[in-house]
Amino acid sequence: MGFDTLIVGGTVVSSSGLRRADVGVRGERIAAVGTGLERRAGSAARVIDASGKYVLPGVIDVHVHLDMPFCGTVSSDDYDSGTRAAARGGVTTVIDFAIPSGRESLNDALDAWSAKAAGKACIDYAFHVCLTDPRRHPAQIPGVVKRGVPTVKAFMIYASQGWESDDGTLYEALQITRRAGGMLLVHAESARVLDRLIEQFHTPAMMRRYGARLHAMSRPNFVEAEAVARAIRWAEVTGGRLYIVHMSTGEGADLVRDARRRGVRVAAETCAQYLVLDDSVFSQPDGHLYATCPQLKKPADQRRLWQGLRGGEISVVSTDTCTFTRRQKAAWKGDWTKIPMGMPGLETLLPAVYTYGVRGRRLTLPQMVACLCENPARIMGLYPRKGVIARGADADLVIIDPRRTTLVDWRKMETNADWNPFQGRRLAGFAEKTFCRGRMIVDGGRFVGENGWGRFVPRRLAKNL
Ligand code: URP
Ligand code: ZN
Ligand code: ZN
């Protein structure tokens, strides 16, 4: 039997190494991986020469917010622009956060987010669901786990959004997710101390003097570290599985390392922006654009986060994509507490990690594939269907040319953002070709996919992780 697509002569990368191999795709799945498949090229409908290039599993971004109401507006990348941007960056699956509003149940939120994605998504997608009602939502967790959504997020801040969970909710959610085969994801920042710090800095004189720098000044590292320590404590005493999202501090990495050594079931992700950017951006004239939550930290944190990826205490790099345009960000009018928080990231995740990680000699290629593809798939219950190049897996593939660099310019990107945190930087590692379940969705660096190709992927967590 022939192949629909045969990728020949490339270097296939996995978390355990590199090898010269051809990849044969039949329908939506990988049908064969090995040398000498090109002898069967005559029977392939399409043959792609990947000589001199890397063939990677499709990237899985486990942390995105598409079309999300937040900070008085709605994030401006939706399932159309967001997944087109993702494809150009070699991302073939996203996991978004369904957030109940008002009296909605967890199932209502999942229905609402499914409707946002349906007919629009160009790549595959899955959901986490967020606990926003401490009385009603914990009991609903087993139901959503059965629906293929085993990961539940609690926010330790955001009382003003109506999203904040207290320690009791975290504790109970860890107990329930443990019994139901789920995992608790936590946004770890110390709410009451953060409230005080914001109050202390929130004066007209301070705002005139420091502007957007107050975003960083009001969130010292201990705001994250204290909350990470507390969440770990609840995981330790309940035996529940915990995943710290968008971890930004060196202290966080130390805490997760120590907890894992004690046998606590905790994993952590960081985001590309925390690895590449630091809080000096807030001194720029447009520094407010970079406001995200948690905020960018110091170069010493960056170094510790890269080290954490090498050491294994940080397992995943995601984006926390939450795009706001210049116009949306302008709502701050000099008051940092009013900046819609978040930035675009899907299109630049792989290029940023490849350029600053692999080319910058901070990560090896297999380590990069571990933290962008295989670990996200394993931890989030998508493995072995996704995250690896192996027979039977979904044919989610990215081809990158290690010699080619691209100047980042928001005007030439698929995201709806009219600015970019990496604007003007030359990055390598943009997808030359991307395949999602066998369908080519990027060719020659251009998006050629279609709305509606993306499908919801139900997930189930492996028992022993
Ligand atoms: O600033 C951010 N990251 N916005 C998205 C919400 C969150 O906390 O992840
Ligand atoms: Zn968060
Ligand atoms: Zn987020």
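Residues numbered from 1 in each chain as written. Chains lettered and ligands numbered in written order. Predicted model: local features only at pLDDT ≥ 70, side-chain atom pairs only at ≥ 80, totals over all residues. Heavy atoms only, no water.

**Remarks on the site of ligand 1**
For the record, the criterion: Only a single heavy atom is needed: when it lies within 4 Å of a molecule or strand, its residue is near that molecule or strand. Within 3.5 Å is the distance limit for a polar contact, defined as a pair of N or O atoms, with the added protein rule that one can donate a hydrogen and the other accept it, and that residues adjacent in sequence qualify only through two side-chain atoms. All accessible areas in this document rest on Shrake-Rupley with a 1.4 Å probe, and a residue is counted as covered only by the protein chains that are shown. Every definition here rests on a 1 Å grid over the protein atoms only: cavities are sets of points where a 1.4 Å probe fits but cannot get out, pockets are open sets enclosed by protein on both sides within 12 Å along at least five of seven lines, and lining residues have some atom within 4 Å of a point. In this scheme, a molecule is assigned to a cavity or pocket if more than half of its atoms are within 2 Å of the grid points. Each residue receives one of three labels: charged for Asp, Glu, Lys and Arg, nonpolar for Ala, Val, Leu, Ile, Met, Phe, Trp, Tyr, Cys and Pro, and polar for the others, Gly being one of them.
Taken together, 13 residues surround ligand 1, and among them Tyr158, His187, Cys293, Asp320 and Met341 come closest. Tyr158 has a polar side-chain atom sitting 2.5 Å from an oxygen atom of ligand 1. In this structure, an oxygen atom belonging to ligand 1 sits 3.0 Å away from a side-chain N or O atom of His187. Out of a free accessible area of 270 Å², ligand 1 has 100% covered by protein chains. Spatially, ligand 1 is embedded in the largest cavity. The class makeup of the residues in the shell around ligand 1 is five nonpolar, six polar and two charged.

**A closer look at the domain arrangement of the protein chain**
Stated precisely, the cut-off is as follows: As used throughout, domain bounds are those supplied by an automatic or database domain assignment. The contact definition used throughout considers only heavy atoms, calling two residues in contact when any of these lie within 4.5 Å. Buried surface area refers to the total accessible area, computed with a probe of radius 1.4 Å, that the two partners give up upon joining, counted for both partners together. When a carboxyl oxygen of Asp or Glu lies within 4 Å of a side-chain nitrogen of Lys or Arg, that pair is called a salt bridge. Under the DSSP-based scheme used, a helix requires at least four consecutive residues in state H or I and a strand at least two consecutive residues in state E, with every element numbered from the N terminus.
Structurally, the protein chain comprises domain 1 (5–56 + 389–447) and domain 2 (58–379). On the domain 2 side, the residues contacting the 42 residues of domain 1 number 43 residues. The largest per-residue losses of area from domain 1 upon contact with domain 2 belong to Glu414, Trp419 and Phe422, which jointly make up 19% of the total buried on that side. At the boundary of domain 1 with domain 2, the tally comes to two salt bridges. Of all the elements in the fold, those that place two or more residues in the side of domain 1 that touches domain 2 are strand S2 (11–14), strand S3 (17–20), strand S7 (54–57), strand S18 (397–400), strand S20 (426–428), strand S21 (433–436) and strand S22 (439–443).

**Structural notes on the coordination of the zinc ion (ligand 2)**
The condition is simple: Atoms of type N, O and S within 2.8 Å of a metal are treated as its donors, and for Na, K and Ca the window is 3.2 Å; water is not considered, so some sites may appear to be missing partners.
Bound to the zinc ion (ligand 2) are the protein donor atoms Lys153 (NZ), His187 (ND1) and His246 (NE2), situated 2.1 to 2.6 Å from the metal. Counting the intervening residues between successive donors of the zinc ion (ligand 2) yields the motif K-x33-H-x58-H. Between the zinc ion (ligand 2) and the zinc ion (ligand 3) the interatomic distance amounts to 3.8 Å. A residue pair is termed long-range when its members are at least 10 positions apart, and Lys153 in strand S13 (residues 151–155) and His187 in strand S14 (residues 183–187) qualify at 34 residues.

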